[in-house]
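# Per-entry structural report
As a plain string of letters, each chain reads:
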Amino acid sequence: MQTDLLITDVLVYSHTLKSFVHGNVAVLNGKFLYIGEKGKESFQANEVVAGQDRYMIPGLIDIHLHIESTMVTPPTFSHGLIPNGVTTIVADPHEMANVFGMKGIQEMIRMSKDCVADIFYGIPSSVPATTLETTGGVIGISEIDELVKEKQVICLGEVMDYAKVISEPNSKINQIVRHVKENYPHLPIEGHCPKLMDMELSSFIFAGIDSDHTQQTIAGMNERVRLNMFIELQEKSMNKEIIQYLAEQNRGEYFCFVTDDVMPDSFVEKGHLNHLVKKAILLGLRPEDAIYASTVTPAKRMRMYDRGLIAPNKIADFLLIENLEKFDIQQVNKNGQKVFDQTQTYKKEKPMTTFPDEFYQSIKIPSLTLEDFTIYTHAERGKVACRVMVVSDGTTFTKEVVDLLQMKDKQLQWEESKHCLVGVFERYGINGNKALGLVSGDTIKKGAIASTYSHDNHNLIVVAKNKKDAQLAANTIIENQGGFCVAEDGKVLSFLKLPVGGILSEAPLDQVAREMKELRKAMESLGYKHYNPIMSFSTHSLPVSPELKITDLGLAKVNESEIVPLII
C-alpha cells in the first residue's frame, strides 16, 4: 500500500490502554492510516523514519490560553509552540477584544490562519469583564452571531463575571450564555469561578457554564467533579497534594492541563504546555496520565474529535520522545509533516503581515503632571481611614485592609506613608476617567511602575512610591504608545515597548523574553516580591479576581461587584 510516511519501531501511545504499544505507524494525506505490526513489507512509503524505540505521543493540545499574555503576535506565538510539542491551541483573545472590540478579534484570527500550529479561538464572553471598568471595545450578542461564523471559532470564552451570573438572572452575561446555549448548543462554554462552592457553584453550573480554570484546592476540585464540572488545571494549581489527589482518585476524564497566561521569558526558558506535563510527572503523576490530560481530554472538551489520538483517520500531529520522565521532544510532526527536529536548525516562519494602522495609535492620554497623582480630601489636616489593596506573593488575589493616613492641606500624604499610590487612567479617549488608591504588601518599596498591559481593560495603571517617578513611568508609556516601564530616582530602569494596542510586541519571542527578564529584575529591585510580578501587577485592575482591585471607575470590591470609596 502506498503511503506518505512510515515510522518504524516506535512505542505508540494508546489512549484506551493509557500505555505504550510497540509497532509501526503509517501516515497518508496528513492523517494516521495504520498503527500495528505491519511495516516495510506492507507499505511503500515516500519517507521512512526509524523510530528507534522512541515514544510516539499525540501533539499537545492547550485549550485555555491568552496569546496576548506572552505579548507577541500569533505567528510569533505559533513559532514558539512547535518546539515545545504544542500543535493545537484554543485562544481566548479577550485582551485584544477589550482594546479594539470586534475588530481586535478578527485581526487576531486573520493573523493566525497561516500559522504552523492550529490556532482556534473562543469568542470573548466578558468584554468588558464587568460593569466596573471602561474598555475600548464591547462584545455583545450581535458580535457573537457574527464571530461564530468564523471557522476557527469553536467555543464561548471564559465567563468571568461569576457574581452577576449568580445574582442577576437578566444580566448581560446571562443573556449571552442563554443565547449561546439556545442558538449554538455545539459550542462549549468556558468558565471562571474562583473559590465558588456549594449553592453558588451549583448556580453557576446551572446557568450553563461547566468548566473552571482558576486556582484550585482539593476541596474545590472534589466539589467540581462531584457536580460534573470539567477542570482546566494551570501551573499555579499544581502542587504535590493536588497531583497526588489526581493520581489516586481516578479523575482522568474530568481534567486537563492548560497554560492560561505564559510570560515570554518563561516561554523561552521553561517551555509551554510541555513544562506542565514534565512538572506533573515530577510531582508523581504517571507519564501516561499526564499525556492523557494534555491530548485526549482537552480534545474531547473542545469537541475536536479529529485529533488528540494516534488512531486511523485522526490528524497526524505527533511527537517523538526518547525519555518520558524528562519529556525531551526530539521531533514534531504537524499533519504528518516534520516541522521540528532537535538535531536541525529551527527555521522561523515566514514574515507576518502587520496590523491595521490604528492598532499602533491606541493610547489617547495627554501627558500627565504631578497633580495627576495627588489625592485630595475634604478635611484640612489630621488622619483619615483608607482602604488599602494588599498584594501577596503566591497569588494574584489581593486583600483589603484599612489604615489611617495623614492629611495636610486637604491632600493625602501617601508619599510619607508605608503604602504606595496605585492609579488607573482611562486610555481610549472615551471619558478621561482617573482613579487613585493605595496598595501595600509584597509590592514595590521605591520608584514606580506603569503599564498599559493591565487585565482586562488595559487602561494605564501606575504604582508608585513618589510622584516624580510615577510621572516619568506613565509618560514614557504614553509617548511610546504602550508598554511596561520601571523607573527610579528620575531614571527609566527598564522599558518593554508594546506598540500593538498597547499590549503586543512585534519583536521576536527571544527578544521580548530578554526584555521581560530585565523588566522583572527591575521590578524586584524596587522591592516587588512575587513569583510572577508581571502578572501580579497587571491584575491589580482585574475586577473579577478577589478581593479589592482598582479600575478607572475606582476601587472595586470584587465579590460584591461594586465600587467603594478610598476614604471611609
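Up top is the structure.
Read on for an overview of the structure. Note that the structure is predicted; figures quoted are calculated from it, not measured. (Residues numbered from 1 in each chain as written. Predicted model: local features only at pLDDT ≥ 70, side-chain atom pairs only at ≥ 80, totals over all residues. Heavy atoms only, no water.)

### A short note on the nonpolar core
If you look at soluble globular proteins, the nonpolar side chains tend to sit buried side by side. Counting 158 residues, the largest nonpolar core has Phe-257 and Leu-460 as its most contacted members. The element best represented in this core is helix H15 (residues 509–525), accounting for six residues. Sequence-distant contacts of Leu-460, that is, excluding residues within four places in its chain, are made with Ile-365, Leu-368, Gly-423, Val-424, Phe-425, Arg-427, Ala-450, Ser-451, Thr-452, Ala-474, Ile-477 and Ile-478. Counting residues in each nonpolar core, the second largest holds 13 residues, with Val-25, Val-27, Phe-32 and Phe-318 among its members. (Core = buried A, V, L, I, M, F, W, Y, C linked by side-chain atoms within 4.5 Å. Buried < 20%, exposed > 50% of the residue type's maximum accessible area, 1.4 Å probe, protein only. Helix = DSSP H or I, 4+ residues; strand = E, 2+ residues; numbered from the N terminus. Contact = heavy atoms within 4.5 Å.)

### Thoughts on the side chain of Arg-224
With respect to the element layout, Arg-224 can be found in helix H8 (residues 218–226). Not counting chain neighbours up to four residues away, the residues in contact with Arg-224 comprise Cys-193, Lys-195, Leu-196, Met-197, Leu-201, Asp-212, Gln-216, Met-229 and Ile-231.

### Some details on the pairing of strand S16 (residues 337–341)
The sheet contact formed by strand S15 (residues 329–334) and S16 spans four bridges and is antiparallel. Paired with Lys-334 across the two strands is Gln-337, which belongs to S16. The loop that links S15 with its antiparallel partner S16 comprises two residues; one of these, Asn-335, has a positive phi angle of about 55°. (Pairing = 2+ DSSP bridges.)

### Things to note about the sheet that holds strand S13 (residues 255–257)
By definition, the strands of a sheet pair up through backbone hydrogen bonds, in either a parallel or an antiparallel sense. The three strands are arranged S11-S12-S13 in an open sheet whose pairing can be described as parallel. This sheet does not close on itself; its edge strands, each paired only once, are strand S11 (211–212) and S13. Two elements, strand S12 (residues 230–233) and S13, share three bridges in a ladder whose sense is parallel. Paired with Ile-231 across the two strands is Phe-255, which belongs to S13.

### Notes on the side chain of Ser-112
In this structure, Ser-112 sits in helix H3 (residues 102–112). When neighbours within four sequence positions are excluded, Ser-112 is seen to be in contact with Pro-74, Ile-119, Tyr-121 and Gln-152.

### Digging into helix H6 (residues 172–183)
Between the first and last C-alpha of H6 there are 16 Å, a value that for 12 residues agrees with the 16 Å anticipated at 1.5 Å per step. Elements in contact with the buried residues of H6: helix H4 (141–147), strand S9 (153–159), helix H5 (162–167) and strand S10 (189–191). (Expected span 1.5 Å × (residues − 1).)

### Focus on the environment of Ile-550
With respect to the element layout, Ile-550 can be found in strand S26 (residues 548–551). Given a relative accessible area of 0%, Ile-550 falls into the buried group. The sequence separation of Ile-550 and Cys-420 amounts to 130 residues, and the corresponding C-alpha distance is 13 Å. Those residues in contact with Ile-550, other than ones at most four positions away along the chain, are Met-389, Val-422, Val-424, Ala-435, Leu-436, Gly-437, His-540, Ser-541, Leu-555 and Ala-556.

### Overview of unusual backbone geometry
For the bond from Val-127 to Pro-128, the omega torsion is -5°, close enough to zero to count as cis. Position of Pro-128 relative to the elements: it lies in the loop between strand S8 (118–123) and H4. Cis geometry marks the peptide bond from His-455 to Asp-456, where omega comes out at -20°. Structurally, Asp-456 can be placed in the loop between strand S22 (448–451) and strand S23 (460–464). In this structure, His-458 is a non-glycine residue whose phi angle is positive, near 55°.

### Focus on the layout of surface pockets
One simple way to see leftover space: roll a probe sized like a water molecule over the atoms. If you add up the space inside the largest pocket, you get close to 760 Å³. Listing elements by their share of the lining of the largest pocket, those giving two or more residues are helix H2 (94–100), helix H10 (264–270), helix H11 (273–282), H15 and helix H16 (533–538). Examining the composition of the lining of the largest pocket, we find that four residues originate from one element, H10, more than from any other. Class assignment of the residues belonging to the lining of the largest pocket gives a composition of 11 nonpolar, 17 polar and 13 charged. (1 Å grid on protein atoms, 1.4 Å probe; cavity = no way out; pocket = protein on both sides within 12 Å on 5 of 7 lines; lining within 4 Å. Points joined across faces, edges and corners; volume = space filled by probe spheres on them. Nonpolar A, V, L, I, M, F, W, Y, C, P; charged D, E, K, R; others polar.)

### A look at the sheet that holds strand S19 (residues 411–412)
Strand order in this open sheet of nine strands is S19-S18-S17-S21-S20-S23-S22-S24-S25, and the pairing throughout is mixed. The open sheet has two free edges, formed respectively by S19 and strand S25 (491–497), since each of these has just one partner strand. In the sheet, S22 pairs with S23 via four bridges, with the strands oriented antiparallel. Looking at the pairing, Ser-451 lines up with Ile-461 of S23. Along the sheet face, helix H14 (residues 467–479) touches S19, S22, S23, strand S24 (483–488) and S25 and points at about 155° away from the line of S24. Across the sheet, H15 lies against S22, S24 and S25, angled at about 145° from S25, the strand it touches most. (Axes fitted to C-alpha atoms, helices over the stretch in contact; angles between N-to-C directions.)

### A closer look at the packing of H8 against helix H9 (residues 240–249)
Two numbers describe a pair of packed helices, the interaxial angle and the distance between the axes. The geometry of H8 relative to H9 is characterised by a closest axis approach of 10 Å and an angle of 30° between their N-to-C directions. The angle between H8 and H9 places the two elements in the roughly parallel class. Crossing of H8 against H9: the hand is right-handed. Listed contacts from H9 to Ile-218, Met-221 and Asn-222 of H8 are Glu-241, Ile-242, Tyr-245 and Leu-246. Class assignment of the residues belonging to the contact of H8 with H9 gives a composition of five nonpolar, one polar and one charged. (Parallel < 35°, antiparallel > 145°, perpendicular 65-115°, else oblique. Left-handed = near helix turned anticlockwise from the far one by under 90°.)

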